[in-house]
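Analysis of the macromolecular model
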Amino acid sequence: MWKAWNNAGEEEDDNSTLFKGDLVLSWKQLSVTVVKKIPKLIGSSEVVTKQILNNVSGNVECGTLLGIMGPSGSGKTTLMATISHRTKGNFSGELLLNGRPVSEDVMIKISGFVAQEDISFVQLTVLEQLKLMARLKMDRATTDKVIRDRIDYLSAHLGLNKILNSRLCVLSGGERKKVALAVQLINDPPILFCDEITTGLDSYSAAHIVNTLRRVAQSGKIVICTIHQPASGLFDQFQEVILLTNGRLAYQGSVSLVNNFFQRYGYICPATYNKADFIVSILNSDGVLDRNNVNNMCELSSNVAQMDIKFNSFNKDVQSEYGHHLQAEKLSWITQVLLLLYRSIMCFIRNYKEKLLEFGTLLFLGVITSSPYANLQFDTKAVQNWQGFWLCLVINIVFQFSYSAIATHQIKFSVVHREVSNKVYSLSAYYVSEMIILYMWVFVKTIIFCIVVFWIVGVEWVFMQLLVFLILTFASVSYGSLLSAYFSRVEEAIVFSTVYEYLALPLSGAYLSFRSLPKVMYSLRYLSLFFLGCETVSTLFWERITSLPCTDIANCLDNGKAVLNKYGFISSDLYFDIMILLLFCLLANILGYFGVLKKMKIQPAY
């Protein structure tokens, strides 16, 4: 099987020989420490410090497929995230490219990172995903023909031709790994990082992936992979290996010399035994002799002077090897918005079942809410019914639209977080595109919902009423989106929202007399979406009612102004209330953006 995927005899493409040359990535005395706070019921939180990496050094040259292996918890992913500048935590030590310090911005531009857990917008097809990523990651001057040729080249070499028109959600694990690899190779980076790319794959798929990576390395690139107990034979496909244990370096060198290294300490791998399993069992052993031997290996490998010999031989200025990546111009902000909006629209359309269910639920609640008020009359006895209808309608809209938006940013955050951190596109471009599609959908739902409800009750509505309800729904969605931006979990956002609603609902004007409230409490009514909604819709409705048949002389509200006065609504505040709602929408979306931006400061899921 292994020979079936060897590159011997395969015809090399000109695109695969672009980065031949001297390029070496080095790291010296890397140490990574994580500090966690464990909250206590009483007293200050307990601070726990854990060292993930301890004085790890190494290097890798162009044309090399390097594997990072070790027991679970040995620091494999942390090492790769650190040397790829994908970690948000601080680390001590040096990270060098050709003997010179390399910044996070440069490393992200010249490298690709295939994460262990593939997360993406699964409603897209493979071809759509590759085209979108090509447009976003390649130079803005790249022509459509170059993009098509690059996609054709990767599809042929990764075996994607048969699944190009399949959606990502229907692909197998191995196929999704190939697509993730193709996305990272789309702009032909000189360095590629892969985190446990063979995990969860069968032996045949794993062999295909590793041999593909070997061909990528042989084209003149640096390829670094973490591997977790690879299948028999797969380990030998790597040219070099780094062995880690408890965050320390035990060995770096040729895979072919690993047996000789362990034989120095009396370990001989049986001919029929998986070499990788044998090595990991030694590194993970609790035996006293084994621990002593492993400690000796780590002390020997931590000799920085030995590493310096190799580091100092690569001090040439070879910026030309990756200079075009640094000079590549990103798409303009508006183009990014349009591309991301296209992605959002495609995902929205293909997720139509969920959207239809959401819309059907909204209409059902609208019918349930309005049915008791069907065919209301215009007299003094019906005043309370009319006000009850407007109150129920406002409450229904605020609750329904705010809670429907309360998970807006949690659902897609992990994908967006990774792509923004990798400088694929700007956060602001994504945020604007997401808000556009969200408000377009809210617009359609609100118009249909209001028309249906008004028809059931018999409201002779005007367009100004529709506009006010649109503004109210936008404010409600903005409120839900704001909570989504600042809370990592939906449950936490709901708890906070419940507190607000218990405070804001009594201020709607239906449950208490505003005139009896102190001035401070009276001013708080403008913080209640329920009040702003009730006062605006009530004003628009009752201002047009010039007279009402008086059926109860003792309690006669003979016109709309009298009704507004009874409930404490001020008709002259109509446009002031609308301005507050619009201002609330604007501020909520601006604050929501900064809330998402704050979340971006943590490390993405790699």
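This report concerns the structure included in the present document. (Residues numbered from 1 in each chain as written. Predicted model: local features only at pLDDT ≥ 70, side-chain atom pairs only at ≥ 80, totals over all residues. Heavy atoms only, no water.)

**Digging into the sheet that holds strand S7 (residues 191-195)**
Strand pairs in the sheet, formed through backbone hydrogen bonds, run parallel or antiparallel to each other. Spatial ordering of the open sheet is given by S6-S7-S8-S3-S9-S10, a layout of six strands whose pairing is mixed. Every other strand in the sheet has two partners, leaving strand S6 (111-114) and strand S10 (248-254) as the edge strands with one partner each. Direction aside, the axes of adjacent strands within the sheet are offset by 15° on average. Sheet topology places S7 next to strand S8 (residues 222-227); five bridges connect them, and they run parallel. Pairing of Asp195 across the sheet is with Thr226, part of S8. Contacting strand S3 (64-69), S6, S7, S8 and strand S9 (240-245), helix H1 (residues 76-83) runs over the sheet at an angle of about 155° to S8. Contacting S6 and S7, helix H5 (residues 173-185) runs over the sheet at an angle of about 165° to S6. (Pairing = 2+ DSSP bridges. Helix = DSSP H or I, 4+ residues; strand = E, 2+ residues; numbered from the N terminus. Axes fitted to C-alpha atoms, helices over the stretch in contact; angles between N-to-C directions. Contact = heavy atoms within 4.5 Å.)

**Regarding the nonpolar core**
In summary, soluble globular proteins display a tendency toward joint burial of nonpolar side chains. Leu213, Phe262 and Trp390 are the most contacted members of the largest nonpolar core, which has 141 residues in total. The dominant element in this core, judged by the number of residues it contributes, is helix H16 (residues 427-457), at 13 residues. Leave out the neighbours within four places in its chain, and Phe262 touches Leu243, Tyr267, Ile279, Ile282, Leu283 and Met297. Counting 29 residues, the second largest nonpolar core, distinct from the first, contains Val32, Ile52, Ile83 and Leu95. (Core = buried A, V, L, I, M, F, W, Y, C linked by side-chain atoms within 4.5 Å. Buried < 20%, exposed > 50% of the residue type's maximum accessible area, 1.4 Å probe, protein only.)

**A look at the side chain of Asn293**
By the secondary structure assignment, Asn293 is in helix H9 (residues 288-301). The buried category is assigned to Asn293, whose relative accessible area is 11%. Asn293 has contacts with Tyr265 and Tyr267, leaving out every residue within four places of it along the chain.

**Focus: the pairing of S10**
The buried count for S10 comes to five of seven residues, which makes it a mostly enclosed element. Between S9 and S10, which pair antiparallel one after the other, the connecting turn spans two residues, and Asn246 there sits at a positive phi close to 55°.

**As for the sheet that holds strand S1 (residues 24-38)**
One open sheet accounts for four strands, arranged S2-S1-S4-S5; its pairing is antiparallel. In this open sheet, the two strands that pair with only one neighbour each are strand S2 (46-61) and strand S5 (100-101). Examined bridge by bridge, strand S4 (residues 91-97) and S5 share two bridges and lie antiparallel to one another. Bridge pairing links Leu97 to Arg100 in S5. Each of S1, S2 and S4 is contacted by H1, which is oriented at about 120° to S1, the strand it contacts most.

**As for the side chain of Thr446**
Along the chain, Thr446 turns up in helix H16. Taking the relative accessible area as the measure of exposure, Thr446 reaches 1% and is therefore buried. For Thr446, the contacting residues outside a window of four places in its chain are Phe401, Phe469, Leu470 and Thr473.

Limitation: the analysis is restricted to geometry and does not speak to function.
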